[in-house]
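Each chain, letter by letter, is given below.
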Amino acid sequence: MWFRLLLTALLALLFSGETYAATSEFRLPPVTITGDASFEMLRRESFLPSVQVPLDAASGAVLDSIGRTSLFPPQNYGYPAGASGLSLGGRSIEDTQVTTLGVPLNLPQGGGPDLSTFPGFLWSEALVGPSTGSAGFSPSAAAGSIELVPWTRSRITDNSGPDSRVTSSADRQLQTLSIGTRKDTIAMLAGVSAGMLRGPSGSLSYEFMRSSSHRSRFHILGSDLEGDVPGGAIKRSRRILPVLETRTLLTQDTALASTAFADLTDLYGNRSEQFGVENSLSSGPWLLSFSARHVYFKNEGEYREWPMRAGVSREFGQRGKMRVRAGVDAVRVEDTGIEPGGRLSIRWNTKGPLTPVLELSSIAKMPTLSARRYVLDTGTYRYRGNPGLLPERVWSGVLAVDQVGSHFQSRWTLKSEFRNDAQINTSGLPVNTTLNSGNAMLFSAQADARFILSPAWTLRSGALLSWSRLEATALAYPDLPPFAWNGGVEFGLGDELKLETDARYMGDSIAFDGSAHPAYLLVDQQIRWFPAQDLEIRAGVINLFDERAQMVVGFPLPGRLVRASISAGF
């Protein structure tokens, strides 16, 4: 009934005969939209803002920075360029969609983004969307999305940075070295990793057609890595991603963007191939999108399917103090059928420092082919797909209030979710898989604040209160603590020296099987020195107090890491 009412309201808004003044693009502080990234449609669908995070390409610390933007437990089954954790807006990493150039980088079994298949030196920025709309073909649903922008793509679309770059980083687990350069409309980068993960990686971007109304770019990313991952398993991964993206301006306010890609992967000797196309047509306040993919997966058999997604949304101009965006979509996956979805976003344009945002959505979390068929047994880590896995329907409501002042920024968020056939990952059990665990309810209140105490001192703090319940077991949602906190202090001496300390506390929670997941506190400290323009030297200690905390039960942290890196542009 609730979904029918929501869908009726969305359709009434979408196809209303009334007209409102509207613009084809909007920017909300601290929203930053650059270029025409493949997944621009994701960032336009909602008023909940995206943020742009500059990458520390030398050490991959941007992934840690993203982790600190969320109070939910960070979970990561790989350590890309030394990153120790990653989370965004969900209760676990399974609710975060990670893409590059529109290609999903999630683990084949749908257990979260396995960023260790690519080292961190490949990226130059990350577009973070803490929205409720990242459904599509990933296991995400009411959480968020991260779009990693390759350094080569950034270089051919932005002339403000250096033409070439050399980076190097080292700790006792991972050492990396990379060299990248650009000339006119082509950019190349090559690098090598040693330590826990070993092997070469690289990328190339080439803009071969550009006019006042059209542009075409070709990209290719590749890696050949082998080494250890948490839990003692051995990773052997070869991955190649060719991507062709085009953008055509049909009229002054109408643009067609299309991305065609392939993802060719050999992981642990199991082959997977994915060919797909992402299309979006934006015209004034309207946005239409269509995606289709062919997925081939060879594990303990050969499997193929054609997942598809179609959606339409409309942004309404300001009517009084309120601006509205509404959208509907549908996802089709073989053996699971067609699942409709919808979203309604409302933003109040107030003259004061407070900006309220309300979003209601109903989205299906579709099980991927590999989530149903993937089988992995390395002796120490076992995963088995669930052929009978059902879609999970997520009903979500988010109320957020942003406050921006001259020395103070904050966001207050209330979120409620009701889930049918909740998909729960059984990490930590002898056999790891994903199960439907009945209905679930989740409520959370979160506050994040940033205080600029002086030109030299900045203080960050955030707290999370949550309550959850799985109807079938009467237990709380796995690995979701009732209380969590993070904070940090930044000190700068002009533009040459910066000192940073970050802390993250996760309270007691329970694992899937009802066992205790103990609380833990992690502290990081680092110093950054900028002796010259486009030159950065960094040294730091990750996990300062040598905690062997288990962010994921059964996967203890490796302990204290001392890291050093250097990055030079010219």
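Residues numbered from 1 in each chain as written. Predicted model: local features only at pLDDT ≥ 70, side-chain atom pairs only at ≥ 80, totals over all residues. Heavy atoms only, no water.

1. Examining the overall build of the chain
- When helices and strands are counted, the chain shows five helices and 34 strands.
- When each of the 570 residues of the chain is scored for burial, the buried share is 57%.
- Considering only contacts in the chain between residues 6 or more positions apart, those separated by 24 or more positions represent 56%.
- As presented, the chain carries roughly 22,900 Å² of accessible surface, and 61% of it is formed by carbon and sulfur atoms. (Helix = DSSP H or I, 4+ residues; strand = E, 2+ residues; numbered from the N terminus. Buried < 20%, exposed > 50% of the residue type's maximum accessible area, 1.4 Å probe, protein only. Contact = heavy atoms within 4.5 Å. Areas by Shrake-Rupley, 256 points an atom, 1.4 Å probe, with all protein chains shown as cover.)

2. Regarding the nonpolar core
- Ranked by size, the top nonpolar core spans 17 residues in total, and within it L105, F118, L122, W123, L148, L221 and L241 carry the most contacts.
- For this core, the elements supplying multiple residues, two or more each, are β4 (123–129), β5 (144–150) and β11 (234–251).
- Among the nonpolar cores identified, the runner-up in size contains eight residues, and A484, L522, A549 and M551 belong to it. (Core = buried A, V, L, I, M, F, W, Y, C linked by side-chain atoms within 4.5 Å.)

3. Notes on the pairing of strand β19 (residues 354–365)
- Note: strand β18 (residues 337–348) against β19, six bridges, orientation antiparallel. The residue bridging S345 from the neighbouring strand is E359, located in β19.
- Hairpin connection from β18 to β19: five residues lie between these consecutive antiparallel strands. (Pairing = 2+ DSSP bridges.)

4. A few points about the confidence of the model for the chain
- Averaged over all residues, the pLDDT of the chain equals 76, while 74% of them reach at least 70.
- Under a pLDDT of 50 for its full length, residues 9–44 has, in the predicted model, 90 contacts with residues more than four places off or in other chains.
- Ignoring residues within four places in sequence, the model shows residues 131–142, a span with pLDDT below 50, making 60 contacts including any to other chains. (pLDDT = per-residue confidence, 0-100.)

5. Focus: the pattern of salt bridges
- Using the criterion set out here, one finds 31 salt bridges in the structure.
- Between R325 and E315 there is a salt bridge, and its shortest N-O distance comes to 3.0 Å. Residue R325 is found in strand β17 (residues 322–333), and its partner E315 is found in strand β16 (residues 308–319); the two are separated by 10 residues along the sequence.
- Classification of E315 as buried rests on a relative accessible area of 1%.
- In this structure, a network of salt bridges that share partners links the residues R153, E207, R210, R217 and E245. (Salt bridge = Lys/Arg side-chain N within 4 Å of Asp/Glu carboxyl O.)

6. Brief notes about the pairing of strand β6 (residues 164–170)
- Strand direction decides the pairing type here: β6 and strand β7 (residues 174–183), joined by seven bridges, are antiparallel. If you follow V166 over to β7, its bridge partner there is I179.
- With antiparallel pairing between neighbouring strands as the criterion, β6 and β7 make up a hairpin whose turn holds three residues.
- Pairing of β6 with strand β34 (residues 561–569), which is carried by six bridges, proceeds in the antiparallel orientation. Looking at β34, one finds that V166 is bridged to A568.

7. Details of the environment of T157
- With respect to the element layout, T157 can be found in helix α4 (residues 151–157).
- A residue is classified by how much of its surface remains accessible, and T157, at 34% relative accessible area, is partly exposed.
- Between the C-alpha atom of T157 and that of E207, which follows or precedes it by 50 residues, the distance is 8.9 Å.
- A distance of 3.0 Å separates a polar side-chain atom of T157 from the backbone oxygen of R153.
- A distance of 3.3 Å separates a polar side-chain atom of T157 from the backbone oxygen of S154. (Polar contact = N/O pair within 3.5 Å; in protein donor to acceptor, adjacent residues only side chain to side chain.)

8. Details of the packing of aromatic side chains
- Here the structure, examined in full by the defined rule, presents five aromatic pairs.
- Considering the side-chain rings of F483 and Y505, the 6.2 Å spacing of their centres and the 45° angle between planes classify their relative orientation as tilted. Within this pair, whereas F483 is found in strand β28 (residues 483–493), its partner Y505 is found in strand β29 (residues 497–506), the two being separated by 22 residues in sequence.
- Here R393 stacks its cationic end above the ring of W395, 5.9 Å away from the centre of that ring. (Phe/Tyr/Trp six-rings, centres within 6.5 Å; stacked < 30°, edge-to-face > 60°. Lys NZ or Arg CZ within 6 Å of the ring centre and 35° of its normal.)

9. Considering the side chain of S164
- Along the chain, S164 falls in strand β6.
- Looking at S164, its side chain comes within polar contact range of the side chain of T181, at 2.9 Å.
- Contact partners of S164, with chain neighbours within four places excluded, come to W151, G180, T181, R182, A568, G569 and F570.

10. Quick word on the environment of T458
- Tracing the backbone through its elements, the reader meets T458 in strand β27 (residues 457–470).
- What makes T458 buried here is its relative accessible area of 12%.
- Spatially, the C-alpha atom of T458 lies 5.1 Å from that of E490, the residues being 32 residues apart in sequence.

11. Considering a nonpolar patch on the surface
- Together, I186, M188, Y206, F208, M209, F218, I220, I240, L244, L264 and F275 line one region of the surface with nonpolar side chains, adding up to about 890 Å² of accessible area.
- Of all the secondary structure elements, the ones that give two or more residues to the nonpolar patch are β8 (186–195), β9 (197–210), β10 (214–228) and β11.
- Relative to the assigned elements, F218 resides in strand β10. (Patch = residues over 30% accessible without salt bridge, like charges linked within 9 Å, V, L, I, M, F, W, Y side chains within 5 Å.)

12. Brief notes about unusual backbone geometry
- Positive phi is not limited to glycine here, since D184 has a value of about 60°.
- Among the secondary structure elements, D184 is positioned in the loop between β7 and β8.
- Among the residues examined, D184 registers a relative accessible area of 64% and is labelled exposed.

13. A few points about the environment of L435
- Residue position: L435 is located in strand β25 (residues 434–436).
- Sequence spacing of L435 and L389 is 46 residues, and the spatial spacing of their C-alpha atoms is 6.6 Å.

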